[in-house]
Amino acid sequence: MSFTAETCVAMHIGDRKEQQDRVALFGHPKRSGLVMAVLADGMGGHSGGAMAAEQVLIRARQNFETYAPLHETPRELLGSVIDEAHVVIKLTRFTSEQDPHSTAVVFLLQQGKAYWAHCGDSRMYHFRGAHTVSRTRDHSLVGELVRKGRIGEEEAQNHPQRNVLLSCLGSEREPRIEYGCEESPVAGDCFLLCSDGLWGHFSDSELATTLQALPPRSAAERLIATARERSGGIGDNISLAVIKLVPPA
């Protein structure tokens, strides 16, 4: 492994009354070289969305702290976070008057390899320099229309039904979990987790070039400032986590 990781998490409430996104990044308490990032975009009435997103982070931290790579695969760990958070969020519907839901993106860096899983329309990007190596597929109505070729990426950005999700945590249906892996990341690679409050204002190349040009914290500040400018006073919550691989000192 010929790199180290520079990281950053950042949030902005946007023009909403409440911050319903959650994002965190943490190392394993007992094993070096293990890093997890998790991001959730909550939905569902006053404080319901925040509660749902918070459950994703709680489950991620708890499962990661007991994670033993000899007995569990990265895929099993990532899937357990999303599946178990989904069950807890569903149960809260019976003890509250809210209808909480959440997206989830969970990322793991282990022994020089990157793994991720997601459900909903929060995204994980893998950039190599200014090139987009991969990007998660949105579990949304508009994402499906793009995949079927019925609308283009530009049209999708302003589609009136952009926020209609086909899969999320807390709904009656089991969450649709998609997995990804990068077996051979290299110094210069950058992984970005973000909610639609951020990615909805940028092209992939804009995100890539900003993250390539700046250290994670400066890049996060610039991206949030630009998203705020472009949101025209009706901006959503913003959250992001950056994991940038750099040559060892």
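Along each chain, the written sequence defines residue order, and numbers are assigned to residues from 1. Thresholds applied to this predicted model are a pLDDT of at least 70 for local features of residues and 80 or more for the giving and counting of side-chain atom pairs; totals over whole chains, interfaces and linings are not thresholded and use all residues. Based on all heavy atoms of the structure, the side-chain values leave hydrogens and waters out of the count.

**Student:** How should I be thinking about the side chain of N237 in this particular structure?
**Tutor:** In DSSP terms, a helix is any run of H or I states spanning at least four residues, a strand is any run of E spanning at least two, and both are numbered starting from the N terminus. For N237, the position within the fold is in the loop between α7 (216-230) and β11 (238-246). Two N or O atoms count as a polar contact when they lie within 3.5 Å, although within protein this holds only if one can serve as hydrogen donor and the other as acceptor, and sequence-adjacent residues are included solely when both atoms are side-chain atoms. Polar side-chain contacts of N237 include one of 3.1 Å to the backbone oxygen of E18. In this structure the side chain of N237 is engaged in a polar contact, spanning 2.7 Å, whose partner is the backbone nitrogen of Q20. Note on definitions: a residue-residue contact is assigned when non-hydrogen atoms from the two residues lie within 4.5 Å. If we ignore the near neighbours within four places in the chain, the residues touching N237 are H12, I13, R16, E18, Q19, Q20, D21, S195 and G197.

**Student:** I would appreciate a short explanation of the pairing of strand β10 (residues 189-194) in the present structure.
**Tutor:** Remark: a regular strand shows side chains that alternate across the two faces of the sheet. Throughout, exposure labels follow a simple rule: accessible area from a 1.4 Å probe, protein chains only, divided by the maximum for the residue type, with under 20% read as buried, over 50% as exposed, and the rest as partly exposed. Here β10 lies mainly inside the structure; six of its six residues are buried. Where strand β7 (residues 123-128) lies against β10, six bridges are found, and the strand directions are antiparallel. Paired with Y125 across the two strands is L192, which belongs to β10. Strands qualify as paired when DSSP identifies two bridges or more between them. Inspection of the sheet shows β10 paired to β11 by five bridges, in the antiparallel sense. Opposite F191, over in β11, you have I243 as the bridge partner.

**Student:** I'm lost on the packing of aromatic side chains in this one. Help?
**Tutor:** Aromatic ring pairs are defined here through the distance separating the ring centres and the angle between the ring planes. Here a pair means two rings of Phe, Tyr or Trp (six-membered ring of Trp) with centres within 6.5 Å. Their orientation is stacked below 30 degrees between planes, edge-to-face above 60, and tilted elsewhere. Under the definition given, this model contains four aromatic pairs. An angle of 45 degrees between the planes, with centres 5.9 Å apart, marks the rings of F26 and F64 as tilted. Taken together, the residues F26 in strand β2 (residues 21-27) and F64 in helix α1 (residues 48-65) connect sequence positions 38 residues apart. By the burial criterion, F26 is buried, and F64 matches it. Ring centres 6.2 Å apart and planes at 50 degrees place the aromatic pair W116 and F191 in the tilted group. Of this pair, W116 sits in strand β6 (residues 113-119) while F191 sits in strand β10; the two residues are 75 residues apart in sequence, bridging distant segments of the chain.

**Student:** What is the right way to read α7 from this model?
**Tutor:** By definition here, a helix of n residues has an expected span of 1.5 Å times n minus one. Taking 1.5 Å per residue as the helical rise, α7 with its 15 residues ought to reach 21 Å, and the 21 Å between its terminal C-alpha atoms agrees with that figure. Regarding α7, the residues found buried are P216, A219, A220, L223, I224, T226 and A227. All buried residues of α7 project into a common sector of 165 degrees when viewed along the axis, lining one side. Residues of α7 that are exposed and point over 90 degrees away from its buried face: R217 and E229. Once α7 finishes, G232 follows within two positions and takes phi at roughly 65 degrees, a positive value. This arc describes the spread of directions from the helix axis toward the C-beta atoms.

**Student:** For this particular structure, what's the right way to read the side chain of H139?
**Tutor:** On the secondary structure map, H139 appears in the loop between β8 (131-135) and α3 (141-147). There is a polar contact of 2.8 Å between the side chain of H139 and the side chain of E178. When residues no more than four places from it in sequence are discounted, the contact partners of H139 are H118, C119, G120, L165, L166, S167, R176 and E178.

**Student:** Just to check I follow, could you spell out the sheet that holds β7 for this structure?
**Tutor:** In any sheet, the strands associate via hydrogen bonds between backbone groups, in a parallel or an antiparallel arrangement. Read across the sheet, five strands follow the order β1-β11-β10-β7-β8 without closing on themselves; strand pairing throughout is antiparallel. Both edges of this open sheet fall to β1 (4-12) and β8, since each of them pairs with a single strand only. The sheet shows a mean angle of 20 degrees between the axes of neighbouring strands, taken without regard to direction. Here an axis means a line fitted to C-alpha atoms, over the contact stretch when the element is a helix, while the angle between two N-to-C directions is reported on a 0 to 180 degree scale. Sheet contacts for helix α6 (residues 204-213): β7, β8, β10 and β11; angle to β7, the most-contacted strand, approximately 60 degrees.

**Student:** What exactly am I supposed to notice about the packing of α6 against α7 here?
**Tutor:** A pair of packed helices is captured by two measures, namely the crossing angle of their axes and the spacing between those axes. At a minimum axis distance of 9 Å, the contact between α6 and α7 shows a crossing angle of 145 degrees. Relative to α7, α6 is oriented so that their crossing is right-handed. Counting all contacts with α6, which are made through E206, L207, T210 and L211, the residues of α7 involved are A219, R222, L223 and R230. Amino acid classes used here: Ala, Val, Leu, Ile, Met, Phe, Trp, Tyr, Cys and Pro are nonpolar; Asp, Glu, Lys and Arg are charged; the rest, including Gly, are polar. Per-class residue counts for the contact of α6 with α7 are four nonpolar, one polar and three charged. Put simply, a crossing is left-handed when the front helix is turned counterclockwise from the back one by less than a right angle, and right-handed when it is turned clockwise.

Remember that the coordinates give geometry; whether it matters functionally is a separate question.
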